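Each chain is listed here by its residues.
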Amino acid sequence: MYEKISIYGVGYNNVTMEEAAALTDEFLGESKNHMVVTPNAEIGYMAAKDKELSDILNASDMVIADGIGVVYASKIYGTPVKQKVAGVELGEKVLENASKSGKGVFFLGAKPGVGDLAAEKLLEKYPGINFSGIRDGYFKDDDEVIEAINASGAEILFVCLGAPKQEKWMAKNRDKINVRLMLGLGGALDSYAGTVKRAPKIFIKLGLEWFYRLIKEPKRAGRMMALPKYMFAVMRDSRKKKKMARKKAK
Ligand code: UDP
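Read on for a plain summary of the structure.

Each value, and the rule that gives it
- Residues numbered from 1 in each chain as written.
- Predicted model: local features only at pLDDT ≥ 70, side-chain atom pairs only at ≥ 80, totals over all residues.
- Heavy atoms only, no water.
- Pairing = 2+ DSSP bridges.
- Helix = DSSP H or I, 4+ residues; strand = E, 2+ residues; numbered from the N terminus.
- Contact = heavy atoms within 4.5 Å.
- Axes fitted to C-alpha atoms, helices over the stretch in contact; angles between N-to-C directions.
- Phe/Tyr/Trp six-rings, centres within 6.5 Å; stacked < 30°, edge-to-face > 60°.
- 1 Å grid on protein atoms, 1.4 Å probe; cavity = no way out; pocket = protein on both sides within 12 Å on 5 of 7 lines; lining within 4 Å.
- Points joined across faces, edges and corners; volume = space filled by probe spheres on them.
- Nonpolar A, V, L, I, M, F, W, Y, C, P; charged D, E, K, R; others polar.
- Salt bridge = Lys/Arg side-chain N within 4 Å of Asp/Glu carboxyl O.
- Buried < 20%, exposed > 50% of the residue type's maximum accessible area, 1.4 Å probe, protein only.
- Near = heavy atom within 4 Å.
- Polar contact = N/O pair within 3.5 Å; in protein donor to acceptor, adjacent residues only side chain to side chain.
- Areas by Shrake-Rupley, 256 points an atom, 1.4 Å probe, with all protein chains shown as cover.
- Sits in = over half its atoms within 2 Å of the grid points.

1. Topic: the sheet that holds strand β4 (residues 62-63)
The sheet built from six strands is open, its strands ordered β4-β3-β8-β7-β5-β6 with parallel pairing. Both edges of this open sheet fall to β4 and β6 (130-135), since each of them pairs with a single strand only. Against the sheet, helix α6 (residues 114-125) engages β5 (104-109) and β6, with an angle of about 160° to β6. This element, helix α8 (residues 165-173), spans β3 (34-37), β5, β7 (156-160) and β8 (181-184) of the sheet and lies at about 170° to β3.

Okay, here's the thing in structure tokens:
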């Protein structure tokens, strides 16, 4: 298992993208259902105010540092993570590996039609993916959806219901779902479908993907205020922790 780094109350696995992908392969070789979560700064900020959510994140089998905000925060605490591991990219690696292994994939989430469009686009890139089932994320009856997942024979489940809904849904139902790997991936299906475009590479490279999303979807502005709030809270928290450590050392 990889070392965990605590960042504003959430323990993140200190992994590179390659290591995270290798870990998902290991999970697929074990019989239990594993849960992977991808908290960015917004979710980290939410978790500080929602104990149920932070307990769920901390009890997951893998927690990756999704987003530049979390990477900066880890530096502020003086315990930097190796790199940003974007959930949408890890998801794509899992799909690429699944296209070789033939393991069944189930997409749950996003608006009706988005999952199908995502699958269509992904099959052009990775023709071997074996899609066991696709369901949109606007359902009422959990049990009926879980039955469909179990009957499909899928081993990999993408849960894209947005945070914190997807994390709570996975935690509540994990024992009833007979897959080996489930990933909570927010807007990933929209991204694969191309209904929401990721930022051009230059924005991602400069750590400005958040800025691109803000320009493209100004209605996210309220939600995106979580990023500066998270950064300030992290600065305060790290100062407090350093002060306490100094006191202890005396
Ligand atoms: N969504 C869903 N069911 C719901 C609410 C949201 O399937 O009840 C989907 C929504 O259509 C979108 C995704 O969840 O595809 C959340 O996207 P968002 O960009 O908000 O996710 P983030 O990655 O920012 O958490």
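Having seen the model, we can carry on.
2. Some points on the side chain of N173
In this structure, N173 sits in helix α8. Once residues within four sequence positions are removed from consideration, N173 is found in contact with D142 and I146.

3. Quick word on the packing of aromatic side chains
For the coordinates displayed, the defined rule picks out six aromatic pairs. Through successive ring pairs, a cluster of aromatic residues spans F107, F131 and F158.

4. Considerations on the layout of surface pockets
If you roll a probe as big as a water molecule over the atoms, it shows you where there is empty space left. What the largest pocket holds in volume is close to 1400 Å³. Lining the largest pocket are 48 residues, with N40, G187, R213, R220 and R223 sitting closest to its centre. With four residues, the single largest contributor to the lining of the largest pocket is helix α2 (residues 41-49). For the lining of the largest pocket, a count of residues per class yields 21 nonpolar, 13 polar and 14 charged. In this model, the second largest pocket occupies a volume close to 570 Å³. Looking at the lining of the second largest pocket element by element, the count peaks at five residues for helix α5 (residues 87-101).

5. With respect to the pattern of salt bridges
Where charged atoms of side chains with opposite charge meet at close range, the side chains can pair. On inspection of all chains with the given rule, the structure shows 19 salt bridges. K176 serves as the salt-bridge partner of D143, at 3.3 Å between the closest nitrogen and oxygen. Taken together, the residues span a long stretch of sequence, with D143 in helix α7 (residues 142-152) and K176 in the loop between α8 and β8 at a distance of 33 residues. Residue D143 is classed as partly exposed on the basis of its relative accessible area of 43%. Ionic contacts of the salt-bridge type, sharing partners, join the residues K84, E89, R198 and E209 into one network.

6. Focus: the site of the ligand
The environment of the ligand is made up of 16 residues, and the closest members are G137, Y138, K165, D190 and R223. Here an oxygen atom of the ligand and a backbone polar atom of C160 are 3.2 Å apart. Out of a free accessible area of 550 Å², the ligand has 79% covered by protein chains. Placement of the ligand is best described as lying within the largest pocket. When the residues that make up the shell around the ligand are grouped by side-chain class, the tally is five nonpolar, five polar and six charged.

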